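Spelled out from the first residue to the last, the chains are:
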Amino acid sequence: MPMIDIDTTNLVPQERLLANGNPLYCFYSDAVELVKVDFSFEAGSCYQPKLLVAAATASLIGEGTARHSATEIAEFMDFRGIVIERNPDVTTPTITFYTLKKFLSELIPWMHEILTQSVFPQEEFDVYVAKHRRQLMAQRLKTSAVAMTAAYEALYGKDHMLGRYALPEDYDRLTVEDVRDFYAQRYHLGGAHIVIAGNYDDEHLEQIDSLFGGYPPMKPDLRSLAVAQPMKGGVQRVPLEGAVQSSIRIGRILPMDWDSEGYAKFLVLTTLLGGYMGSRLMASVREEKGYTYGISAHTHIYRGSIVFFITTDVGVQVTDLAVEEIFRQIELLRTEPVAEEELALVCSVMEGDFIRSIDGIFERSERYRQMYSTGVTERFRERYFEALASIAPADIQALAQRYLDPQELNLTICGN
C-alpha cells in the first residue's frame, strides 16, 4: 500500500509556558463554543499505599471544598451547564471540566479551588464507600468481570499493581484520612499536566497562568508498570454458581515496546483476527457458529508493558467449542498466508479508524492526554502508518507464529 497522508493540523498542541515554566498544552478551534480543560496528576493506583485510595481520591475531588459544600458546587455547575468528569486511572487520573466559552472566566477560579482546597467531607466519603462497595459486590457476580480480574492476575501476578484487585472488605479498611493524605501527597499543581481544548481566548490563558502558574514546578516520578517475569501459557477455570454464560479471556503480555516496528504490525494482525466487524473471529465464532454476540482481539498499552487479549462471552453449553474455534483461527494465521485483498481491507479499516479518532478538537486533545498517561509519543503514529503502508502477508504469518503460540497464551474461563 502507498504511504498514507494524514492531516496533522492540531494533532500536536501549541505549548504556552506558565509563569513557573510548566507547559500549558493548547488545542484551539473556533468551530465549537465549548472548552474542555484536563488536569492530570501522577496519582493513580500504582502510587497508592492502600487498595482503593487512589480511585476514591480522584472520584471525590470537588465534593466539598474549604469554601463551598458539594451542594453549592453542584448548583454553580448545573446552572451554567458545566460538567466535571473524574477519571481514576492506574497511573494518571484526570479531572476534566467542560463549559461553554462564555462561562470559562467564571469557571477558572472554581477549578483552582476544587483542585487545591478539596476537603473530602466524611458524609460524602461514606456515601461513596457504600455505593462502590455495592457495585464491587455486584461485579463479582458477573463472569466478564471475574474472568478479566483472574486473567490479569494470572499474567501479572498478585504482587503487581495490574494483577492485584480489591475485595468488598477492602472498603471497610479505607478511611477518609487515607484519602486526604493521598490528596495532599499526590495532587500538586506544580506537577499537573494541563490540556485546554476548544474555543478560548488569550485572556483565558492569562487567567489560567495567574492562578495555576505560581506553583513551584515538580518533575513527576513516572511509575513503570513493567513486569519482571510475565506468565506464559496455562489454563484456569473459575466457577461462578448460577452463571448462564462463560466469559473467555485469552491473552499474554507482549515482549515488545510500543515504539517497535513489530508492535505496529502486530496491531494489523490483531485487527485482522478480531479488531473489526469483518474480522476472522467475528466471521467464524459469531456469524458462522453463532456462539456469541460479539468477540474481539485488542491490545492495551501500559507504561512498561503491553497486554494482548481475545475476549468473548458465550453460552455455557458451547464454551469448549468456542475455545476450540478461537484457537483454530489462530492456527490458520500461523500456517496459511493471508490473502492480499483481506490484508488491504484491514489496513483501510485501520486508516479510517485512526482518522475518525482525531476527527474533532476534543478527540485530538484526548488522544494527547492518553499519550502522556502511557508514555507514548508521536513516533507511534509514524510507526502505525509505516506498518499500514508496508505490511505483507508474510509479516502476518511470522508475527502469528512468534507471538500467538498457543503454548504461550493464557486461557481463563469463568462460568459454570
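Everything that follows concerns the structure shown earlier in this document.
(A) Up close: the sheet that holds strand β6 (residues 193–198). One open sheet accounts for six strands, arranged β1-β2-β6-β3-β5-β4; its pairing is mixed. The strands lining the two open edges of the sheet, one partner per strand, are β1 (14–17) and β4 (83–87). On average, adjacent strands in this sheet sit at an angle of 20 degrees to one another, irrespective of strand direction. Here β4 runs beside strand β5 (residues 94–100); their pairing, made up of five bridges, is antiparallel. Following the sheet pairing, E85 is matched in β5 by T96.

(B) Structural detail: the nonpolar core. In this structure, F39, M77, Y156 and I196 are the most contacted members of the largest nonpolar core, which totals 65 residues. A per-element tally of this core places helix α3 (residues 104–117) first, with seven residues. Residues within four places of F39 in sequence aside, it is in contact with P93, T94, I95, F97, M111, L115, L189, H193, I194 and F212.

(C) Seen up close, the packing of helix α1 (residues 53–60) against helix α7 (residues 176–186). Running from N to C, α1 and α7 cross one another at 80 degrees; their axes reach a closest spacing of 9 Å. Considering the angle they form, α1 stands roughly perpendicular to α7. Of the residues in α7, those in contact with V53, A54, A56 and T57 of α1 are D178, V179, F182 and Y183. Its residues placed into classes, the contact of α1 with α7 shows six nonpolar, one polar and one charged.

(D) Spotlight on the environment of S224. Residue placement: S224 occurs in the loop between α8 (202–212) and β7 (235–239). Given a relative accessible area of 44%, S224 falls into the partly exposed group. Along the backbone, S224 and C46 are 178 residues apart, and their C-alpha atoms lie at a distance of 8.7 Å. Look past the residues within four positions of S224 in its chain and what remains in contact with it is R303 and G304. A polar atom in the side chain of S224 sits 3.2 Å from the backbone nitrogen of A226.

(E) Region of the structure containing the pattern of salt bridges. Scanning the model with the defined rule gives 30 salt bridges in all. As a salt-bridge pair, E366 and R369 come within 2.7 Å of each other at their nearest N and O atoms. Separated by three residues within a single helix, E366 and R369 lie in helix α13 (residues 361–374), roughly one turn from each other. One salt bridge connects E386 with R383, and the closest N-O pair in it is separated by 4.0 Å. Of this pair, E386 and R383 both sit in helix α14 (residues 379–390), separated by three residues, roughly a single helical turn. One network of salt bridges, with partners in common, ties together D259, R379, E382, R383 and E386.

Reading the values: rules and limits
- Residues numbered from 1 in each chain as written.
- Predicted model: local features only at pLDDT ≥ 70, side-chain atom pairs only at ≥ 80, totals over all residues.
- Heavy atoms only, no water.
- Pairing = 2+ DSSP bridges.
- Helix = DSSP H or I, 4+ residues; strand = E, 2+ residues; numbered from the N terminus.
- Axes fitted to C-alpha atoms, helices over the stretch in contact; angles between N-to-C directions.
- Core = buried A, V, L, I, M, F, W, Y, C linked by side-chain atoms within 4.5 Å.
- Buried < 20%, exposed > 50% of the residue type's maximum accessible area, 1.4 Å probe, protein only.
- Contact = heavy atoms within 4.5 Å.
- Parallel < 35°, antiparallel > 145°, perpendicular 65-115°, else oblique.
- Nonpolar A, V, L, I, M, F, W, Y, C, P; charged D, E, K, R; others polar.
- Polar contact = N/O pair within 3.5 Å; in protein donor to acceptor, adjacent residues only side chain to side chain.
- Salt bridge = Lys/Arg side-chain N within 4 Å of Asp/Glu carboxyl O.

Taken by themselves, the reported measurements are silent on function.
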